[in-house]
Amino acid sequence: MDNLVSIQWLEETESTQDVLRNGIPSYDNLSVVAARLQTAGRGQRGNRWFSGKGENLTFSILLKFGNSGGFPSLPVSGQFSISEAISCGICDYLASKGIDSHIKWPNDIYVRNRKICGMLIENSLAGSNISSSVVGIGLNVNQRVFPPQLVNPTSMSLLTGNEYLLEEELIILTGFLFPGGILPDRRDDYLSRLYRIGEFHEYTDCSDGSVFEGKITGVTKDGLLQVENRKGELKEFAFKEINYII
Ligand code: BTN
């Protein structure tokens, strides 16, 4: 598969997200910065991202749109297509390693009920368009023991029993993300890989803290999670408005 990215490895940095975000004009589209150790790795919801030194892939990719060079213009209303494309690309990569994964909305990658990969997408805007996006990916590769505060982690090694060379895997993985140098439309694949789609499970509605049984029925084009309750009522949730009870 084509690989059009250029990869820079750092021994140690606070966060690969910040390396790219602080240097957007000087990095080309599809630049990748990876680190063996992040001393202040950032996760979603203001959380830290913990990853054992040299054990996993922790890297960020810069995407440029429109006049900034790179991909065609992307309106803000289409920003969820980035989540869809990258999540599906990671699932494709894992499938190539014999690992069957699903996407926990909006962009965690799960194997059964355990998280193998997290993603942080930080966009810069120019008017009503996205000018650039820094996509940070933490994929658990060789780590087998995790800090107790992580609720349900897993890794490629735990699942397959194999050890992986991080540099090699990063080249292979990035080849799955932008086949032919385009940001592919993966909306249908995204929905078909959605964790818990069509099944009733428990969730917390963060607006009032109530726990309810709901069935995920889909995700809107702008990325809202659609959940039907036992009464057949459909409600749409934005990120941070619903918690999965796992
Ligand atoms: C999450 O699931 O909470 C998102 C985790 C994102 C972690 C990656 S690791 C590489 C990049 N640099 C960071 O500081 N965070 C992202």
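The rules behind the values
- Residues numbered from 1 in each chain as written.
- Predicted model: local features only at pLDDT ≥ 70, side-chain atom pairs only at ≥ 80, totals over all residues.
- Heavy atoms only, no water.
- Helix = DSSP H or I, 4+ residues; strand = E, 2+ residues; numbered from the N terminus.
- Buried < 20%, exposed > 50% of the residue type's maximum accessible area, 1.4 Å probe, protein only.
- Contact = heavy atoms within 4.5 Å.
- Phe/Tyr/Trp six-rings, centres within 6.5 Å; stacked < 30°, edge-to-face > 60°.
- Near = heavy atom within 4 Å.
- Polar contact = N/O pair within 3.5 Å; in protein donor to acceptor, adjacent residues only side chain to side chain.
- Areas by Shrake-Rupley, 256 points an atom, 1.4 Å probe, with all protein chains shown as cover.
- Nonpolar A, V, L, I, M, F, W, Y, C, P; charged D, E, K, R; others polar.
- Core = buried A, V, L, I, M, F, W, Y, C linked by side-chain atoms within 4.5 Å.
- Pairing = 2+ DSSP bridges.
- Axes fitted to C-alpha atoms, helices over the stretch in contact; angles between N-to-C directions.

A. A look at the environment of S81. Locating S81 in the fold gives a position in helix α2 (residues 80–96). For S81, a relative accessible area of 24% corresponds to the partly exposed category. Considered as a pair, S81 and Y190 are 109 residues apart in the sequence and their alpha carbons are 9.6 Å apart. Aside from chain neighbours lying at most four places away, what touches S81 is L74 and L183.

B. A look at the packing of aromatic side chains. Taken as a whole and judged by the stated rule, the model has ten aromatic pairs. Look at W105 and F239: their rings are 6.3 Å apart centre to centre, the planes differ by 75 degrees, and that puts the pair in the edge-to-face class. A residue pair is termed long-range when its members are at least 10 positions apart, and W105 in the loop between β5 (102–104) and β6 (108–111) and F239 in the loop between β12 (234–237) and β13 (242–244) qualify at 134 residues. For W105, a relative accessible area of 3% gives the class buried. Between F212 and F237, the aromatic rings sit 6.1 Å apart at their centres with planes inclined by 15 degrees, giving stacked as the arrangement. In this pair, F212 is assigned in strand β10 (residues 210–219) and F237 in strand β12, connecting sequence segments 25 residues apart. F237 matches F212 in its accessibility class, with the two residues each being buried. Of the aromatic side chains, those joined through ring pairs into one cluster are Y110, Y195, Y203, F212, F237 and Y244.

C. Up close: the site of the ligand. Inspection of the region around the ligand gives 20 residues, with S15, Q38, R42, Q44 and K115 positioned closest. A distance of 3.2 Å separates a nitrogen atom of the ligand from a polar atom in the side chain of T16. One of the backbone nitrogen or oxygen atoms of Q44 is found 2.7 Å away from an oxygen atom of the ligand. Protein contacts shield 98% of the accessible area of the ligand, which totals 420 Å² for the unbound molecule. Mapped by element, the contributors of at least two residues to the shell around the ligand are α1 (16–21), β3 (57–64), β7 (114–126) and β8 (129–139). The element that contributes the greatest number of residues to the shell around the ligand is β7, accounting for four residues. When grouped by side-chain class, the residues that make up the shell around the ligand number five nonpolar, twelve polar and three charged.

D. Expanded view of the nonpolar core. Counting residues in each nonpolar core, the largest one holds 53 residues, and the members touching the most others are I90, I137 and L139. For this core, the leading source of residues is α2, giving eight residues. The residues touching L139, leaving out its near neighbours within four places in the chain, are N56, L57, Y93, L94, I116, C117, M156 and L173. Grouped together as the second largest cluster of nonpolar side chains are seven residues, L20, I24, L62 and V134 included.

E. Region of the structure containing the sheet that holds β10. Here five strands make up an open sheet; going across it, the order is β12-β11-β10-β9-β13 and the pairing antiparallel. The open sheet has two edge strands, β12 and β13, and neither has a second partner. Between one strand and the next, the sheet's axes are offset by a mean angle of 50 degrees, whatever the strand orientation. Judged from the three bridges that link them, strand β9 (residues 200–205) and β13 form a sheet pairing that is antiparallel. Looking at the pairing, D205 lines up with I242 of β13.

F. Focus on unusual backbone geometry. The linkage connecting W105 with the following residue, P106, adopts the cis geometry, with an omega of 0 degrees. Within the element layout of this structure, P106 appears in the loop between β5 and β6. With a phi angle near 55 degrees, R45 is a residue other than glycine that sits in the positive phi range. By the element assignment, R45 lies in the loop between β2 (31–38) and β3. Relative accessible area serves as the criterion here: at 38%, R45 is assigned to the partly exposed category. Of note in this structure, R196 is not a glycine but carries a positive phi near 70 degrees. One can find R196 in the loop between α5 (187–192) and β9. You can call R196 buried: its relative accessible area is 8%.

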